[in-house]
Amino acid sequence: MSDKLEKAVDAIIQKTEEGKIEWERTDAEMLRKNPFYYNYISNNDMAVDPVNNYVAPYKDGYIYFTNQVEDGYREIAIQPKVNADITVLSTGRSTKLRTLEEIIKNELDNPDDFIESLFDE
């Protein structure tokens, strides 16, 4: 099973790079809207950081990326559909999770399009 989970993380990285998975930052509103996400966060003593935690809608569910900045702990998890429990795919300080976070941040924070728009007008 762990090989399957590892391949799922690889697929998430690839689809994010290809623009097939689009991420946004997670906020406290997500906790109120999704009781499964609330349980996932509270049961694992995680903090919802609106800068370093991300969510991506995928098919009928969600992909969650959590970064606990103070200790560098990262976690990627999936929720296959809205009313389903959350399954953790990978945790820790792995290179893959660090790479995924860099791709997500680059997608969300890259100023190139904004700068280019300044030149167009």
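Now for a look at the structure at hand. Note that this is a predicted model, so its numbers are computed, not measured. (Residues numbered from 1 in each chain as written. Predicted model: local features only at pLDDT ≥ 70, side-chain atom pairs only at ≥ 80, totals over all residues. Heavy atoms only, no water.)

**Some points on a negative patch on the surface**
On the surface, Asp112, Asp113, Glu116 and Asp120 cluster together into a negatively charged patch. Counting through the fold element by element, Asp120 comes out in helix α5 (residues 112-120). (Patch = residues over 30% accessible without salt bridge, like charges linked within 9 Å, V, L, I, M, F, W, Y side chains within 5 Å. Areas by Shrake-Rupley, 256 points an atom, 1.4 Å probe, with all protein chains shown as cover. Salt bridge = Lys/Arg side-chain N within 4 Å of Asp/Glu carboxyl O. Lys, Arg positive; Asp, Glu negative; His and termini not counted. Charge placed at Lys NZ, Arg CZ, Asp CG, Glu CD. Helix = DSSP H or I, 4+ residues; strand = E, 2+ residues; numbered from the N terminus.)

**Here we look at the sheet that holds strand β5 (residues 87-92)**
Sheet strands pair via backbone hydrogen bonds, and the direction of the pair is either parallel or antiparallel. Within the open sheet, the 5 strands sit side by side as β1-β2-β3-β4-β5. Their pairing is antiparallel. The open sheet has two edge strands with one neighbour each: β1 (24-25) and β5. Two strands pair when backbone bridges link them, and β1 and strand β2 (residues 54-58) are joined in this way by 2 bridges, in the antiparallel orientation. Looking at the pairing, Arg25 lines up with Tyr54 of β2. (Pairing = 2+ DSSP bridges.)

**Remarks on the packing of aromatic side chains**
Taken as a whole and assessed by the stated rule, the structure comprises 5 aromatic pairs. Aromatic pair Tyr37 and Tyr40: ring centres 6.1 Å apart, planes at 40 degrees, arrangement tilted. Residue Tyr37 and its partner Tyr40 are located together in helix α3 (residues 35-43), separated by 3 residues, close to a single helical turn. A relative accessible area of 6% places Tyr40 in the buried class. Of the aromatic side chains, those joined through ring pairs into one cluster are Tyr37, Tyr40, Tyr62 and Tyr64. (Phe/Tyr/Trp six-rings, centres within 6.5 Å; stacked < 30°, edge-to-face > 60°. Buried < 20%, exposed > 50% of the residue type's maximum accessible area, 1.4 Å probe, protein only.)

**Topic: the environment of Glu101**
Note that Glu101 resides in helix α4 (residues 95-109). C-alpha of Glu101 to C-alpha of Lys20: the two residues are 81 residues apart in sequence and 16 Å apart in space. In contact with Glu101, other than residues within four places in its own chain, are Asn52, Tyr54, Phe65, Asn67 and Arg74. (Contact = heavy atoms within 4.5 Å.)

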